[in-house]
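Architecture at a glance
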Amino acid sequence: MYPAPVKRCEMVRVTRRRAAIEGFAWGVFAGLVLVALMYLASALLGLRPLPQALNDPLLSIMPGFVFGFLIDTLQHAGKVVEEIGLAIAMVGALGVLGAAWSVTALRWRFGQSALIFAAFGWLVVVIVLLPLAGVGFLGLSDGLTTPLVWAVLFAVYGVLLQLGGRPSGSPAAADPARRRLLSALPLGLGAASLGLVGLLRVPNWYQAIALPPESGITGPSPEITPVRNFYVVSKNFSDPVVDGQRWKLSLGGLVDHPQKLSLSDLRALPSVTQYVTLECISNDVGGDLISTGSFTGVRMSDLIAMASPRSSGTWAAFEATDGYSESLPMSLISSERSILVAYDLDGTALPTSHGYPARVLVPGHYGMKGPKWLTAINLVDHESGGYWEQQGWDHNALVKTTARFDMPHEGDIVKLGAINLAGVAFAGTRGISKVEYSTDRGSSWTEATLSTPLSELTWVLWKATWSPAAEGSYTLLVRATDGTGAVQGSGSAASYPGGAAGYHRIRVDVAK
């Protein structure tokens, strides 16, 4: 038998443990309600959900090879997984806050004490997390109502925590009517909260994973990708929506005549229209993060010339509405007249997801070099460092030679006889001179027929007819030779840090 003091200590430990468990459970429940109301406030009041606000700070500390791995393995699901993970972490942190309150409440007994802890959570969000996310002290950069809305959300959290999280030993917790209420409340409000989150977010998550724009094309690729199917990649959970009437493009830095151009000013300048293929640096071998369109805009070199650049301005640094940054050497801009500030895609204004009102277009380089939602071009005397380069991605981002099969697809069962093969090949501004396919794992190669490309800046469509001699399982490979005569390398590489490499290969079964 324990002495009385030892027994009391043991009872205190058990009581604290029980209080912590109960407080954590109610903190998680109240946190789930808070998260559901946060997304509702996002839909109704424009509040930026915390998981979305923390996207940029999280990416800024994430090593580039980790992000590359996530992109290579998860593709479109990556951002969904990240948002869900941050939301779960948020609920878990609120559960810990509830546990801390419940343990404290064993001695700290006064009405609505949970609101003190809720106020602490509010302070952490508006004084630490929102400034970290780049929306200013108290989140005021997002509007004067931001701290007030967060205060309401945490007040709801505190009330629910106070209602259900009172430690078991307290008189209120022993009330039978209260116990019956508290047994039903978490189930009802929890189910409603999950349903609300599902209603507000699941359609977007499903769209991102199962129905990305580029997934809508089957069979051979068209020469021009329909705008609705043009691939979309963004660092943002929620892309900015820019008012074109109020938008201004600033030209400044090491120039003698700084400029501020409205969208109508930009559209009034001499323009060019050119067919360009864009590819994301995170595109896998054989992937669909590559599209071709007709872009209209102003030559970057002409635009900068309007501001009378100084000789000391050897780099052009770009800024975008979403905080994205990039830079290009002036030597490249001067020599590559195809670099544009583009405002139209296929004859109409850029869609919001593609950078309306204007974006940078850098043919021959992966899409990361061309910021969307452009707001400023500043001439500087050094490479300013791009958003993704700061995470270790290749700062040159030159497109690698690649070829893929559009048909047949991996795992297809095809009928013995003449089988149509088709696909695309791309090598940036170097062009494509030859495409070859192999049906014997690379032991021999057969040349395919190439279409005439729309321009020197686009992909080439290829096709061939293959007549296998017998039934069976075959592994098909495809490779391209660029316009300089360099044959695509067979060595495989992940997208990080300089773009994926290797032959696209598919397995098909031939049957009678």
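Preceding this paragraph is the structure being described.
Anyway, here's the lowdown on the structure attached to this text. Residue numbers restart at each chain and count upward from 1, following the sequence in its written direction. Local features are withheld for residues below a pLDDT of 70 in this predicted model, meaning they are given only at 70 or higher, and side-chain atom pairs are given and counted only at 80 or more; totals for whole chains, interfaces and linings count all residues. The basis for every side-chain value is the complete set of heavy atoms in the structure, and neither hydrogens nor water enter the calculation.

1. Quick word on the overall build of the protein chain
Each helix and strand in the protein chain was counted, giving 12 helices and 19 strands. The buried label goes to any residue with under 20% of its type's maximum accessible area, the exposed label to any with over 50%, and the partly exposed label to all in between, with areas taken from a 1.4 Å probe on protein chains only. Counting every position in the protein chain, which comprises 512 residues, the buried fraction comes to 48%. Considering only intrachain contacts with a sequence separation of at least 6, the fraction spanning at least 24 residues in the protein chain is 73%. Here the protein chain displays about 23,200 Å² of accessible surface, and carbon together with sulfur accounts for 61% of that area. The helix count covers DSSP runs of H or I at least four residues long, the strand count covers runs of E at least two residues long, and both are numbered beginning at the N terminus. Contact definition: two residues touch when any of their heavy atoms are within 4.5 Å. Only the protein chains shown count as covering a residue, and every accessible area follows the Shrake-Rupley method with a 1.4 Å probe.

2. So, the pairing of strand β6 (residues 325–329)
Across the five residues of β6, four count as buried, placing the element largely inside the fold. Strands are treated as partners if at least two bridges between them are detected by DSSP. Of the pairings in the sheet, the one linking strand β5 (residues 315–320) to β6 comprises five bridges and is antiparallel in character. Within the sheet, the bridge partner assigned to Glu 319 lies in β6 and is Ser 325. Where β5 hands over to β6, the hairpin turn is made up of four residues, of which Gly 323 adopts a positive phi near 85°.

3. A look at a nonpolar patch on the surface
On the surface, Phe 120, Leu 123, Val 124, Ile 127, Val 128, Phe 137, Leu 140 and Leu 144 cluster together into a nonpolar patch covering about 750 Å² of accessible area. Mapped onto the fold, Phe 137 is located in the loop between α6 (114–132) and α7 (146–164). By relative accessible area, which is 52% here, Phe 137 ends up exposed. A patch is a set of surface residues, each over 30% in relative accessible area and not in a salt bridge, joined within 9 Å for like charges and within 5 Å for the nonpolar side chains Val, Leu, Ile, Met, Phe, Trp and Tyr. Think of a salt bridge as a Lys or Arg side-chain nitrogen and an Asp or Glu carboxyl oxygen that are within 4 Å of each other.

4. Here's the deal with the packing of aromatic side chains
What counts as a ring pair is set by centres within 6.5 Å for rings of Phe, Tyr and Trp (its six-membered ring), and what kind of pair is set by the plane angle: stacked under 30 degrees, edge-to-face over 60, tilted for all other angles. For the structure on display, the rule yields 11 aromatic pairs. Centre to centre, the rings of Trp 466 and Tyr 474 are 5.1 Å apart; their planes meet at 80°, and the pair counts as edge-to-face. Feature note: the residues Trp 150, Phe 154 and Tyr 157 constitute an aromatic cluster, connected by ring pairs. Across from the ring centre of Trp 445, 4.1 Å away, lies the NZ or CZ of Arg 479, which sits over that ring. Counting as a charge over the ring demands two things of the Lys NZ or Arg CZ atom: a distance within 6 Å of the ring centre and an angle within 35 degrees of the ring normal.

5. Quick word on the pattern of salt bridges
Tallying each qualifying case throughout the model produces 11 salt bridges. With a closest N to O distance of 2.8 Å, Asp 142 and Arg 48 form a salt bridge. Taken together, the residues span a long stretch of sequence, with Asp 142 in the loop between α6 and α7 and Arg 48 in the loop between α1 (4–45) and α2 (50–53) at a distance of 94 residues. Residues Asp 509 and Arg 507 are paired through a salt bridge, measuring 2.9 Å at the closest nitrogen-oxygen approach. The exposure class of Asp 509 is partly exposed, given its relative accessible area of 23%. Among the residues examined, Arg 507 registers a relative accessible area of 33% and is labelled partly exposed. One salt-bridge network, held together by shared partners, links Glu 326, Lys 369 and Glu 389.

6. What about α7?
Given 3.6 residues per turn, any residue in an α-helix points the same way as the ones three and four places further on. To estimate how far a helix should reach, multiply one less than its number of residues by 1.5 Å. A rise of 1.5 Å per residue sets the reference length of α7, with its 19 residues, at 27 Å; its end C-alpha atoms lie 28 Å apart and thus fit the reference within 8%. Turning to α7, its buried residues are Thr 146, Pro 147, Val 149, Trp 150, Leu 153, Phe 154, Tyr 157, Gly 158, Leu 160, Leu 161, Gln 162 and Gly 164.

7. Remarks on the sheet that holds strand β10 (residues 374–380)
In spatial order, the strands read β2-β1-β10-β5-β6; together these five strands make up an open sheet with mixed pairing. Strands at the two margins of the open sheet, each flanked by one partner only, are β2 (259–262) and β6. For this sheet, the mean inter-axis angle between neighbouring strands, taken without regard to orientation, is 15°. What counts as an axis is a line fitted to C-alpha atoms, over the stretch in contact for a helix, and the angles between N-to-C directions run from 0 to 180 degrees.

8. What to know about the environment of Met 90
Along the chain, Met 90 falls in helix α5 (residues 77–104). C-alpha separation for the pair Met 90 and Val 35, spaced 55 residues apart in sequence, amounts to 8.1 Å. Excluding its chain neighbours within four sequence positions, the residues that come into contact with Met 90 are Leu 34, Val 35, Met 38, Leu 50, Pro 51 and Trp 150.

9. Things to note about the nonpolar core
Of all hydrophobic cores here, the largest spans 36 residues; its most connected members are Leu 34, Met 38, Leu 50, Met 90, Trp 150, Phe 154 and Tyr 157. Every element with two or more residues in this core is listed here: α1, α2, α5, α6 and α7. At nine residues, α1 tops the list of elements feeding residues into this core. Excluding residues that lie within four positions of it along the chain, Phe 154 makes contacts with Leu 34, Leu 94, Ala 118, Gly 121, Trp 122 and Val 125. Counting 30 residues, the second-largest nonpolar core is a separate cluster that includes Leu 251, Phe 318, Val 360 and Trp 373. Only buried residues count toward a nonpolar core. Its members are Ala, Val, Leu, Ile, Met, Phe, Trp, Tyr and Cys residues joined through side-chain atoms within 4.5 Å.

10. Details of the environment of Thr 401
Within the secondary structure, Thr 401 sits in the loop between β10 and β11 (402–407). Relative accessible area serves as the criterion here: at 15%, Thr 401 is assigned to the buried category. Separated by 26 residues in the primary sequence, Thr 401 and Ala 427 place their C-alpha atoms 4.2 Å from one another. Those residues in contact with Thr 401, other than ones at most four positions away along the chain, are Phe 426, Ala 427, Arg 430, Ile 432, Ala 480, Asp 482 and Gln 488. Whenever a nitrogen or oxygen atom comes within 3.5 Å of another N or O atom, the pair is scored as a polar contact, on the condition that within protein one atom can donate a hydrogen and the other can accept it, and that pairs from neighbouring residues in sequence are kept only if both atoms are in side chains. Engagement of the side chain of Thr 401 in a polar contact is seen with the side chain of Arg 430, the distance being 3.0 Å.

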